[in-house]
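Structure assessment
The residues making up each chain are set out below.
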Amino acid sequence: MKFRLSQTDEYDRLVKFMIPFGLEFDADDEVDTDIIKCWKVTQEPDFLVGGVILAMREGEYIIDGIAVDTPMRKSGIGRIMINKAIEEIKSRGGNRVYLVAKVPAFFERLGFSMVKNETAPNFFECGQCPQYRVSCFPEVMKLEF
């Protein structure tokens, strides 16, 4: 399976790709999000199989979305995308990144740790969602490097 990782300005395409995999996107987020860079993973010619969005909220780097197409999972694409985002953060002088994980075990394998709700940054909107801790159980996670 050959695939290609490349930077992209196709933010809307990535969001549309990620929504079926559980990304909850709200254009009216209460917290300002500054998109830094987006990367896509494609197979020829331009078939999207993965994507990651690196952003900043309230002075902190966040993975604002990441998804891998189901047949391509366990191929290393998720790790490659996270490593690319970390490389970018380091190049900007950053030393940590946050995300909201619906599959915390995957991110734990990459070195992320869960952040207790009472100490989590107050820029993730999950707590205000009516599905939070009812039918959706995401975890705020952080990786320091």
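Throughout, a residue's number is its position along its own chain's written sequence, starting from 1. Thresholds applied to this predicted model are a pLDDT of at least 70 for local features of residues and 80 or more for the giving and counting of side-chain atom pairs; totals over whole chains, interfaces and linings are not thresholded and use all residues. Where side-chain values are given, they derive from all heavy atoms of the structure, hydrogens and water being excluded.

1. Some words on the pairing of strand 2 (residues 34–43)
Here strand 1 (residues 4–8) pairs with strand 2 via five bridges, running antiparallel. If you follow R4 over to strand 2, its bridge partner there is T42. Note that strand 2 and strand 3 (residues 47–57) share nine bridges and pair antiparallel. Of the residues in strand 3, the one forming a bridge with W39 is V52. We treat two strands as partners when DSSP finds at least two bridges between them. Numbered from the N terminus, helices here are DSSP runs of H or I no shorter than four residues, and strands are runs of E no shorter than two.

2. A closer look at the nonpolar core
The tendency in soluble globular proteins is for nonpolar side chains to be buried side by side. Residues belong to one nonpolar core when they are buried, are Ala, Val, Leu, Ile, Met, Phe, Trp, Tyr or Cys, and are joined through side-chain atoms within 4.5 Å. Three exposure classes are used, based on accessible area relative to the maximum for each residue type with a 1.4 Å probe and protein chains only: buried under 20%, partly exposed in between, and exposed over 50%. Of all hydrophobic cores here, the largest spans 23 residues; its most connected members are I63, I77, I82, V97, L99, F107 and F112. Of all the secondary structure elements, the ones that give two or more residues to this core are strand 2, strand 3, strand 4 (60–68), helix 2 (77–91), strand 5 (96–101) and strand 7 (139–144). Top element by residues in this core is helix 2. It accounts for six residues. In this description, contact between two residues means that some pair of their heavy atoms is separated by no more than 4.5 Å. Leaving out residues up to four positions away in the same chain, F107 has contacts with I66, I82, L99, A101, F112 and M141.

3. What to know about the pattern of salt bridges
A side-chain nitrogen of Lys or Arg and a carboxyl oxygen of Asp or Glu constitute a salt bridge if their distance falls within 4 Å. Counted by the stated rule, this structure contains 10 salt bridges. The residue K142 makes a salt bridge to E144 at a minimum N-O spacing of 3.2 Å. You can call K142 partly exposed: its relative accessible area is 21%. Taken together, the salt bridges that share partners define one network made up of E10, R13, K40 and D46.

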